Amino acid sequence: MDWLHGSDARRDFEHFIADSTPGLLKTATLLTWDVSEAEDLLQETYFRAAKRWPSIRKMEFPRAYVRRILVNATLAGSRRRSRFGKELDYLDDEELATLGDGHSEDPFRNVEERSEVASMLAALSRRQRTVLVLRYFEDLSEAETAGCLGWPIGTVKSTSARALDRLQRTFASGATGPGSELDQLNARNYGGTNAQPS
């Protein structure tokens, strides 16, 4: 990585990091549901990108390439990290507020809705959550999502459909509070509940 020492490539890389960090950190947080893990993954992603930056910077869409590094690191790392404990924790109110769009007229309703959505997303498998984050948060097409994940487009479609169906069924049943079916599912899957961690 000789290019890192006082070159235009270094300045480009520093600008890229400054411009892309907020969006990629939100994506990583939504993928992992753990801010600390998201920060670690983003740092690992930038390290991997730095090794190839002279090539990446010439690409038409360098952010898309780096996002793919992030997604691959998240999916590969989930298998390693899952043996060390919970796959995810719920975000506390302060962290959850950073994920909002800030445009709600009723901020309390917005927090309540985000909390419910966060609980429902937390109950999804990491694969399902990854597809929904890429499709609806990153606003990628099915083909772009398939390309980013290296999956056939049919796998993206079926995974997305199953995830959305599960969210719809959970929301329709109203099963989002303490002691609910969703709360029990989270406790069974992740060793936690919808309650905020102490």
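Residues numbered from 1 in each chain as written. Predicted model: local features only at pLDDT ≥ 70, side-chain atom pairs only at ≥ 80, totals over all residues. Heavy atoms only, no water.

## Here's the deal with unusual backbone geometry
Selection criterion: Secondary structure is summarised from DSSP: a helix means a run of H or I of at least four residues, a strand means a run of E of at least two, and numbering begins at the N terminus for each.
In this structure, Trp33 is a non-glycine residue whose phi angle is positive, near 65°. As for its placement among the helices and strands, Trp33 is situated in the loop between α1 (8–32) and α2 (35–51). Phi at Asp139 takes a positive value of approximately 60°, unusual for a residue other than glycine. Take Asp139: it is sitting in the loop between α7 (126–137) and α8 (142–149).

## Here's the deal with the packing of α1 against α2
For clarity, the cut-off: Between N-to-C directions, angles cover 0 to 180 degrees, with each direction set by a line fitted to C-alpha atoms, over the stretch in contact for helices. Note on terminology: angles under 35 degrees are roughly parallel, angles over 145 are roughly antiparallel, angles of 65 to 115 are roughly perpendicular, and the others are oblique. Crossings are assigned a handedness: left-handed for a near helix turned anticlockwise from the far helix by less than a right angle, right-handed for a clockwise turn. The contact criterion used throughout is that any non-hydrogen atoms of two residues lie within 4.5 Å. Any residue that is not Ala, Val, Leu, Ile, Met, Phe, Trp, Tyr, Cys, Pro, Asp, Glu, Lys or Arg is counted as polar, Gly included; the first ten are nonpolar and the last four charged.
Viewed as axis vectors pointing N to C, α1 and α2 meet at an angle of 140°, and their least axial separation amounts to 9 Å. Here α2 runs oblique to α1, going by the angle between their axes. Helix-helix and strand crossings are classified by hand; for α1 and α2 the assignment is right-handed. Taking contact as the criterion, the partners of Phe13, Phe16, Ile17, Ser20, Thr21, Leu24, Leu25, Ala28, Thr29 and Thr32 in α1 are, on α2, Val35, Glu37, Ala38, Glu39, Leu41, Leu42, Tyr46, Ala49 and Ala50. Each residue belonging to the contact of α1 with α2 can be placed in one class, and the counts come to 13 nonpolar, 4 polar and 2 charged.

## A few points about α1
Stated precisely, the cut-off is as follows: Here the expected span of a helix is defined as 1.5 Å times the quantity of residues minus one. Across the chain, bend at a residue is computed as the angle between axes fitted to the seven residues ending at that point and the seven starting from it. Each residue's exposure class comes from its accessible area (1.4 Å probe, protein chains only) as a fraction of the maximum for that residue type: buried when under 20%, exposed when over 50%, partly exposed otherwise.
Relative to the 36 Å expected for 25 residues at 1.5 Å per residue, α1 spans 33 Å between its end C-alpha atoms, a close match to the ideal helical length. At Thr21, α1 is bent by approximately 50°, the largest bend along its length, and proline Pro22 sits one to four residues beyond. Of the residues making up α1, those classed as buried are Ala9, Phe13, Phe16, Ser20, Leu24, Thr27, Ala28, Thr29, Leu30, Leu31 and Thr32.

## Section: the nonpolar core
Where we set the bar: Buried Ala, Val, Leu, Ile, Met, Phe, Trp, Tyr and Cys residues form a nonpolar core when they are joined through side-chain atoms within 4.5 Å.
Membership of the largest hydrophobic core comes to 22 residues, with the highest contact counts inside it found for Val71 and Leu149. Elements that contribute at least two residues to this core include exactly α1, α4 (62–82), α6 (107–122), α7, α8 and α9 (153–173). When near neighbours in sequence (up to four residues on either side) are disregarded, Val71 contacts Leu31, Thr130, Leu134, Cys148 and Leu149. Among the nonpolar cores identified, the runner-up in size contains 17 residues, and Leu24, Tyr46, Ile69 and Ala73 belong to it.

## So, the pattern of salt bridges
Stated formally: The term salt bridge refers to a pairing of a side-chain nitrogen on Lys or Arg with a carboxyl oxygen on Asp or Glu at a separation within 4 Å.
As enumerated under the stated definition, the model contains 8 salt bridges in all. Across the salt bridge formed by Glu44 and Arg48, the nearest N and O atoms sit 2.6 Å from each other. Residue Glu44 and its partner Arg48 are both found in helix α2; the two are separated by 4 residues, about one turn of the helix. Within this structure, Arg63, Arg67 and Glu138 form a network of salt bridges that share partners.

## Focus: the packing of aromatic side chains
Describing an aromatic ring pair means giving the distance of the ring centres and the angle of the ring planes. To keep it simple, the criterion reads: Only rings of Phe, Tyr and Trp enter the pairing, Trp through its six-membered ring, and a pair is recorded when the two centres are within 6.5 Å. The plane angle decides the type: under 30 degrees is stacked, over 60 is edge-to-face, the rest tilted. Any Lys NZ or Arg CZ found within 6 Å of a ring centre and within 35 degrees of that ring's normal is scored as a charge over the ring.
Overall, the coordinates contain 3 aromatic pairs when judged by the stated rule. With centroids separated by 5.0 Å and ring planes inclined at 45°, the aromatic side chains of Phe16 and Trp53 adopt a geometry described as tilted. Within this pair, whereas Phe16 is found in helix α1, its partner Trp53 is found in helix α3 (residues 53–56), the two being separated by 37 residues in sequence. When its relative accessible area of 10% is taken as the criterion, Phe16 is described as buried. Within the aromatic cluster, the residues linked to one another by ring pairs are Phe13, Phe16, Tyr46 and Trp53. The ring of Trp151 has Arg127 sitting right over it, with the charged end atom 4.2 Å from the ring centre. Positioned above the aromatic ring of Tyr136, the side-chain terminus of Arg135 is 5.2 Å from the ring centre.

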